[in-house]
Amino acid sequence: MAQKTGGIANAIIQPEPPGLMLAIVQNGPTQMVAGNIYEGLLRYSPKLEQLPGLAESWTITDEGKTYTFKLTKNASWHDGKPFTAADVLFTAEFIKQTNPRARANLAQVESVTAPDDYTVVFKLKQAFGPFIGIFEVGSMPMVPKHIYDGIDWKTAPANNTPIGTGPFMFKEWQKGSFIKLVKNPNYHVKGKPYLDEIYWHIIPDAAARSVAFETGKVDILPGGSVENFDVPRLSKMKDVCVTGKGWEYFGPLAWMWLNNRQGPTANKLFRQAVMYALDRDFAKNVVWNGLGEVAVGPISSSTRFFDKSLAKYKYDPAKAKALLKEAGYKGEKVRFMPLPYGETWARWGEAVRQNLQDVGINLEVVATDVPGYNQKLGEWDYDIGFSYLYQYGDPALGVGRSYVSTNIAKGSPFNNVEGYSNPEVDRLFAEAAVAFPDSKRQELYNQVTKILIDDVPVAWLLELEFPTITKCKVKDLVTTGIGVNDGFRDAWIDK
């Protein structure tokens, strides 16, 4: 089918972004809107293969320590100034001040140089396999040197009128109402984008967002725009398309933290019993409307170095009861903390509570709000607690952090909250991050995965997929591993 040019895409953005300068603000809604204003050196396919972005080609040499990027020669900033290697060098320094994840990703870099205006060379201190995966627009958006050099970036006027190289340019933001982006007529990819405008509607009420889609005011509901229980009804509407794709780079994995320090959850047999007690197929099919996959272990199937040979824990209440008996569990009270993120998570919490009670675990449900929930996890004041974390395409970026003992520290709900400590696991994660080539990394990650699946430091639940719901006339919106976040470059409307 031939793409058609023109038209306006009407999309929901929820919640309203706190800002749109993507190198300074990293919230999910900011990435969704501004990922179409800014660009990274690379894009990534749903299988996390590298695709050209502002770099048209790249080579990795010197046993994985030297990365050379050849930049496209016809990209310009939205104010008309050319994009060159000087902007990449500036960005590499700028983003270390503003983005903690980018700072960690760039910690392995010894030098960044530009042999000419369209070549950039990153030299690493040692091989670091995940490095090729850090260049997507949300992780390392290119920043215009001519705008930000020598000024206080926190108060820069351009923070309110973002200037990128992307397929769409910032036009207007009426707070509480809408954000309007318009086509970049000088975009460096010939013939793109196809759309004239993107209109992001800000509608705080969840029911009103569903109505806006039903009445045709909006055509695009990105993941998280509506409550899960509305998804089946909206999906059944005429000429409506639904996909769970476009989250592969993030690999959101839901699990339950199990406190490895004290109480029944400190016993490995008890933790294994929890895995057998969980009806995760029910959670997928009923709570999440068939979207997502039942998790195998610590690495999502969309993340690099997933081990395809692993078998899942099956739903087996009898096996769970036998393990509880072997663990010497005598019905001690276990505090259970659901995730206070709305109706879908509340329903999931009820299903899990029922599963665990059915095998004889004596649960006390602890209700919290989000700040209270974060505080209890951060202070280790829990026995079992829901969560989900992103993997960022590589175990060295988003998996190891939850299991290595160096990441056990009070105060954060997103580090090694469970208190799991295993020197062999620490060693394998450290070696795998810097091993070369990839086949060696795969071997090491396979070893560490098998240990973790046996130890069950946390109870893995589902690889989440947040549904993107569109009118079927919207074509090619989700084509990469970050989906809507950089998808409007390729999107078009079949009129």
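One structure accompanies this document, and this report is about it. (Residues numbered from 1 in each chain as written. Predicted model: local features only at pLDDT ≥ 70, side-chain atom pairs only at ≥ 80, totals over all residues. Heavy atoms only, no water.)

### Notes on the pattern of salt bridges
Considering all chains together, one arrives at 24 salt bridges under this definition. Here Arg233 makes a salt bridge to Asp230, at a shortest N to O gap of 3.0 Å. Judged by its relative accessible area of 11%, Asp230 is buried. By sharing partners, the salt bridges in this structure join Arg43, Lys192, Asp486, Arg489 and Asp490 into a single network. (Salt bridge = Lys/Arg side-chain N within 4 Å of Asp/Glu carboxyl O. Buried < 20%, exposed > 50% of the residue type's maximum accessible area, 1.4 Å probe, protein only.)

### Observations concerning the packing of aromatic side chains
Overall, the coordinates contain 39 aromatic pairs when judged by the stated rule. Measuring from ring centre to ring centre gives 6.5 Å for Tyr341 and Tyr388, while their planes differ by 90 degrees; the resulting arrangement is edge-to-face. Of this pair, Tyr341 sits in the loop between β15 (333-337) and α10 (343-358) while Tyr388 sits in strand β17 (residues 384-389); the two residues are 47 residues apart in sequence, bridging distant segments of the chain. Under the relative-accessibility criterion, Tyr341 is labelled partly exposed at 40%. You can call Tyr388 partly exposed: its relative accessible area is 23%. The ring centre of Trp153 lies 4.6 Å from the NZ or CZ of Lys154, which sits over that ring. (Phe/Tyr/Trp six-rings, centres within 6.5 Å; stacked < 30°, edge-to-face > 60°. Helix = DSSP H or I, 4+ residues; strand = E, 2+ residues; numbered from the N terminus. Lys NZ or Arg CZ within 6 Å of the ring centre and 35° of its normal.)

### Digging into helix α14 (residues 438-455)
Under the 1.5 Å per step criterion, the end-to-end length of α14 is 26 Å for 18 residues, consistent within 8% with the ideal 26 Å. Listed in full, the buried residues belonging to α14 are Arg441, Leu444, Tyr445, Asn446, Val448, Thr449, Leu452, Ile453 and Asp455. Looking one or two residues past α14, Val456 carries a phi angle of roughly 45 degrees, positive in sign. (Expected span 1.5 Å × (residues − 1).)

### Here we look at helix α8 (residues 280-287)
Residues of α8 that are buried include every one of Arg280, Ala283, Lys284 and Val287, and no others. Down the axis of α8, the smallest arc covering the buried residues is 115 degrees, so these residues share one side. Looking at the buried residues of α8, the elements they touch are α7 (268-277), β14 (293-294), α10 and β18 (458-463). One or two positions beyond α8, positive phi appears at Asn289, with a value near 55 degrees. (Arc of directions from axis to C-beta. Contact = heavy atoms within 4.5 Å.)

### Some thoughts on the sheet that holds strand β5 (residues 66-71)
Spatially, four strands are ordered β4-β5-β7-β6 in an open sheet, and the strand pairing comes out antiparallel. Edge positions in the sheet fall to β4 (55-61) and β6 (109-116), since each of these pairs with one other strand and no more. Going across the sheet, the axis of each strand differs from the next one's by a mean of 15 degrees, ignoring polarity. As paired strands, β6 and strand β7 (residues 119-124) are joined by five bridges and run antiparallel to one another. Along β7, the bridge assignment pairs Asp116 with Thr119. Helix-sheet contacts for helix α2 (residues 85-98) involve β5, β6 and β7, and the interaxial angle to β6 is about 165 degrees. (Pairing = 2+ DSSP bridges. Axes fitted to C-alpha atoms, helices over the stretch in contact; angles between N-to-C directions.)

### So, the environment of Lys183
Of note, Lys183 is situated in strand β9 (residues 178-183). In this structure Lys183 comes out as partly exposed when scored by relative accessible area, which is 28%. Measuring from C-alpha to C-alpha, the distance between Lys183 and Pro193 comes to 6.7 Å, with ten residues separating the pair along the chain. Lys183 has contacts with Pro167, Phe168, Met169, Pro193, Tyr194, Leu195 and Asp196, leaving out every residue within four places of it along the chain.

### With respect to the sheet that holds β18
Pairing is mixed across the open sheet formed by six strands, whose spatial order is β14-β18-β13-β17-β15-β16. Here the strands that pair on one side only, and so sit at the sheet edges, are β14 and β16 (362-365). Taken together, the two bridges between β14 and β18 define a ladder with antiparallel strand orientation. Looking at β18, one finds that Glu293 is bridged to Glu463. Relative to the sheet, α10 contacts β13 (253-258), β15, β16, β17 and β18, its axis offset from that of β17 by approximately 135 degrees.

### Topic: the environment of Asp490
By the element assignment, Asp490 lies in the loop between β20 (474-475) and β21 (492-493). The sequence separation of Asp490 and Asp455 amounts to 35 residues, and the corresponding C-alpha distance is 44 Å.

### A few points about the state of the cysteines
Using the criterion set out here, one finds one disulfide in the structure. Covalent S-S linkage joins Cys241 and Cys472, the inter-sulfur distance amounting to 2.1 Å. Across the S-S bond linking Cys241 and Cys472, the dihedral sits near 110 degrees, which makes this disulfide right-handed. Here Cys241 is found in strand β12 (residues 240-243), whereas its partner Cys472 is found in the loop between β19 (468-471) and β20, with 231 residues between them in sequence. Assessed through its relative accessible area of 34%, Cys241 is described here as partly exposed. (Disulfide = S-S within 2.5 Å.)

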